[in-house]
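Chain by chain, the residues:
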Amino acid sequence: MSPHPPLHLTASGAVRAALASPGLRLDLGLAALHLRSRSALLAGQLQRVYPHFPFEPPGDFADLHVHVDPGAGLRRWIRPQARFRCDSRRNFEPFPASHALPLVEWGSNWLIGQRFNDHLLLHAGAVERDGRALLLPAVPGSGKSTLTAALSLSGWRLLSDEFGAIDPASGEVRPVLKPVALKNRSIDVIRAFAPDAPLGPAFPNTRKGTVAHLAASAAAVAARHRGARPAAVILPRWSDGAALSLQPVPPEELLPAVGFNAFNYRVLGARSFDAAVRLVRQCPGWRLTYSRLDDALRGIDQLWRDLVPAA
Amino acid sequence: MQRLESLELTPKARIEAVGASWAAFSPLSGETLILNDEAAAILEVLQAGAADERAIATQLNADTAELSLADLQGLVRGAVMSLEAAGLLLRRPAPLPGHDMLAG
């Protein structure tokens, strides 16, 4: 158990002060983020979407050192901005100051996708049940995050909404635990699915429309250093009005899909190939088409019961 | 006089059975490919050692009675071009006659 209190039980003034200096350490499992900012808004937003993460000083090692500052000169007062800086480099255009959280989320995701090349990083949702991981690789707009969010609210442990991080040595999926980023209609879908879902504030008018973040559960945070061997790969696709369809995908078709949805397949070269071949040999694949979340969850649940005997 | 060329697998290329097909990775191109049966058969022959197109076709002809040697040679030529472009095999000049003697 962490010796540090969780962020949501920490006084907001203490979080704000620590975030300003020396910064907060967010241990995401595979990666640790050291975040500094003088934004009081960001401190409050972090408490809402990282509620169960420990309130840690940045004493230990961190992989990513991120600073979100308000910019200089008149920008401090006129249409203030949030600017993302990592290792003294600015990789992104500034966001409005009120949108510091989406900037931190997208920026840190981008950095993880660029830097964690000791793992095969799939653009995938990842959840765990009965000790085994389910991977959901998909292109943006496929309903991956909605499905991952719904699974995480239905007894599955969230490993990641963005990264299926596969350790090439062990074949395990490692958690990269961050809030699930829901966009546009997905926000209302999840609100309707689970009215008590711990959603953070909605951020309208981002490049991807309105975004809101679903917090990871206390159990998922407590287990964020525990990986899981994958048991299945599902390629999800939301399609308006479509009846539920779960079609097996043979390994020779699953392999290109895995490679296509990897951030760093080419960077890792033969190690990617070996890890991907191992994955598709070990895990059966399915193509899931759905329009109703309940149907999709029922289908996945049935499939999982057949595949993984309950622990 | 045209110099004979032999074909060989690109060093460190990976070839693995995946489901009903074969997948290959080329360290030269960084590409992963799902191979058709002809390409997989050619690479299998080359796993045993370098060979020219005619020798590959002859080997395949010994394994299958469905196609004539001439048909197989045409098929091998086409597949070899694709495999070479994908970085899965290399074309090298065949050793000159007497090469072993000179080297020895």
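Undergrad: Would you take a moment to explain the environment of arginine 278 of chain A for this structure?
TA: Residues and elements named next belong to chain A. Considering the arrangement of structural elements, one finds arginine 278 in helix H9 (residues 270–282). By relative accessible area, arginine 278 is classed as partly exposed at 29%. The sequence separation of arginine 278 and proline 168 amounts to 110 residues, and the corresponding C-alpha distance is 9.0 Å. Look past the residues within four positions of arginine 278 in its chain and what remains in contact with it is Pro168, Ala169, Ser170 and Gly171. For arginine 278, the side chain forms a polar contact with the main-chain oxygen of alanine 169, separated by 3.2 Å.

Undergrad: Looking at this structure, how should I read the sheet that holds strand S11 (residues 180–183) of chain A?
TA: Strand pairing in a sheet takes place through backbone hydrogen bonds and is either antiparallel or parallel in direction. Residue and element names in this part refer to chain A. An order of S11-S13-S12 is seen for the 3 strands of this open sheet, with the pairing classed as antiparallel. Here the strands that pair on one side only, and so sit at the sheet edges, are S11 and strand S12 (203–206). Geometrically, the sheet is characterised by an average inter-axis angle of 35° between neighbouring strands, direction not taken into account. Direction of pairing for S12 relative to strand S13 (residues 209–214): antiparallel, over a ladder of 2 bridges.

Undergrad: Looking at this model, I keep getting lost on the interface of chain A and chain B. Mind explaining?
TA: Reports of interface size often rely on the accessible area that becomes lost once the parts have come together. In this complex, chain A contributes 13 residues to the contact, which on the side of chain B involves 15 residues. Taken over both partners, the interface formed by chain A and chain B buries close to 1100 Å², and the fraction arising from carbon and sulfur atoms is 62%. Three residues, Glu252, Arg266 and Phe273 of chain A, lead the burial of chain A against chain B; their summed loss comes to 46% of the area buried on that side. Our count for the contact surface shared by chain A and chain B stands at 3 salt bridges. The partner of glutamate 16 of chain B in a salt bridge is arginine 281 of chain A, and the shortest N-O contact between them spans 2.9 Å. Seen at the junction of chain A and chain B, the total is 7 residue pairs in polar contact (both at pLDDT 80 or more). Sorting the residues of the side of chain A that touches chain B by element identifies helix H7 (251–260), helix H8 (265–268) and H9 of chain A as the ones contributing at least two each.

Undergrad: How should the confidence of the model for chain B be read in this particular structure?
TA: Segments scoring low in pLDDT should not have their predicted coordinates read at a detailed level. Residue and element names in this part refer to chain B. Mean pLDDT over chain B: 87, with 86% of residues reaching 70 or higher. Element-level mean pLDDT values for chain B span from 51 in helix H4 (residues 99–103) up to 96 in strand S3 (residues 21–25). If you check the scores for this complex, the pTM reads 0.92 and the ipTM reads 0.81.

Undergrad: Got a minute to help me understand the side chain of threonine 206 of chain A in this structure?
TA: All names here are of chain A. With respect to the secondary-structure elements, threonine 206 resides in strand S12. Its relative accessible area of 12% is what places threonine 206 among the buried residues. Here the side chain of threonine 206 touches glycine 209 through a polar contact of 2.5 Å, landing on its backbone oxygen. Other than its neighbours up to four places away in sequence, threonine 206 contacts His99, Trp106 and Val211.

Undergrad: Which parts of the structure should I look at to understand the sheet that holds strand S4 (residues 81–86) of chain A?
TA: Residue and element names in this part refer to chain A. Read across the sheet, 5 strands follow the order S1-S2-S3-S4-S5 without closing on themselves; strand pairing throughout is mixed. The outermost strands of the open sheet, each flanked by one partner alone, are strand S1 (24–27) and strand S5 (95–96). Packing of helix H1 (residues 12–20) onto the sheet brings it into contact with S1 and strand S2 (32–37), and relative to S2 it is tilted by some 95°. In this fold helix H3 (residues 100–115) packs onto S2, strand S3 (64–69), S4 and S5, with an angle of close to 20° to the strand it touches most, S4.

Undergrad: Just to check I follow, could you spell out the packing of helix H1 (residues 37–47) of chain B against helix H2 (residues 53–63) of chain B for this structure?
TA: Residues and elements named next belong to chain B. H2 packs onto H1 with a crossing angle of 105° between their chain directions and a minimal axis gap of 10 Å. As judged from the angle between their axes, H1 and H2 are roughly perpendicular. Judged by residue contacts, Ala41, Ile42, Val45 and Leu46 of H1 engage Ile56, Gln59 and Leu60 from H2.

Undergrad: Even after reading the chapter, I still don't get the domain arrangement of chain A, so can you show me in this structure?
TA: All names here are of chain A. The assigned domain composition of chain A is domain 1 (7–115) and domain 2 (120–307). Between the C-alpha centres of domain 1 and domain 2 the distance comes to 25 Å. Every contact between the two is made by 24 residues of domain 1 and, on the other side, 28 residues of domain 2. Roughly 2400 Å² of surface becomes buried between domain 1 and domain 2 when both sides are summed, with 66% attributable to carbon and sulfur atoms. Between domain 1 and domain 2 we count 2 salt bridges in total. The shortest N-O distance in the salt bridge between lysine 178 and glutamate 105 comes to 3.1 Å. Along the contact surface separating domain 1 from domain 2 lie 9 residue pairs in polar contact (both at pLDDT 80 or more). When contributions to the side of domain 1 that touches domain 2 are tallied by element, the ones reaching two or more residues are helix H2 (40–49) and H3.

Undergrad: Is there a simple way to explain the packing of aromatic side chains in this structure?
TA: In this description, a pair of aromatic rings is defined by centroid distance and the angle of the planes. Residues and elements named next belong to chain A. Here the structure, examined in full by the defined rule, presents 7 aromatic pairs over all chains. Between phenylalanine 84 and phenylalanine 92 the ring centres are 5.1 Å apart and the planes differ by 80°, which places this aromatic pair in the edge-to-face class. Residue classification places phenylalanine 84 among the buried positions, given a relative accessible area of 1%. By relative accessible area, which is 21% here, phenylalanine 92 ends up partly exposed. Ring geometry for tryptophan 156 versus tryptophan 304: centroids 4.8 Å apart, planes at 65°, classification edge-to-face. One end of the pair, tryptophan 156, is in the loop between helix H4 (144–152) and strand S8 (157–160); the other, tryptophan 304, is in helix H10 (residues 293–307), and 148 residues separate them in sequence. Judged by relative accessible area, tryptophan 304 falls into the buried class, the value being 0%. The structure contains a cluster of three or more aromatic residues connected by ring pairs, namely Phe84, Phe92 and Trp110.

The rules behind these values
Residues numbered from 1 in each chain as written. Chains lettered and ligands numbered in written order. Predicted model: local features only at pLDDT ≥ 70, side-chain atom pairs only at ≥ 80, totals over all residues. Heavy atoms only, no water. Helix = DSSP H or I, 4+ residues; strand = E, 2+ residues; numbered from the N terminus. Buried < 20%, exposed > 50% of the residue type's maximum accessible area, 1.4 Å probe, protein only. Contact = heavy atoms within 4.5 Å. Polar contact = N/O pair within 3.5 Å; in protein donor to acceptor, adjacent residues only side chain to side chain. Pairing = 2+ DSSP bridges. Axes fitted to C-alpha atoms, helices over the stretch in contact; angles between N-to-C directions. Buried area = accessible area lost by both parts, 1.4 Å probe. Salt bridge = Lys/Arg side-chain N within 4 Å of Asp/Glu carboxyl O. pLDDT = per-residue confidence, 0-100. Parallel < 35°, antiparallel > 145°, perpendicular 65-115°, else oblique. Domains from an automatic or database assignment. Phe/Tyr/Trp six-rings, centres within 6.5 Å; stacked < 30°, edge-to-face > 60°.

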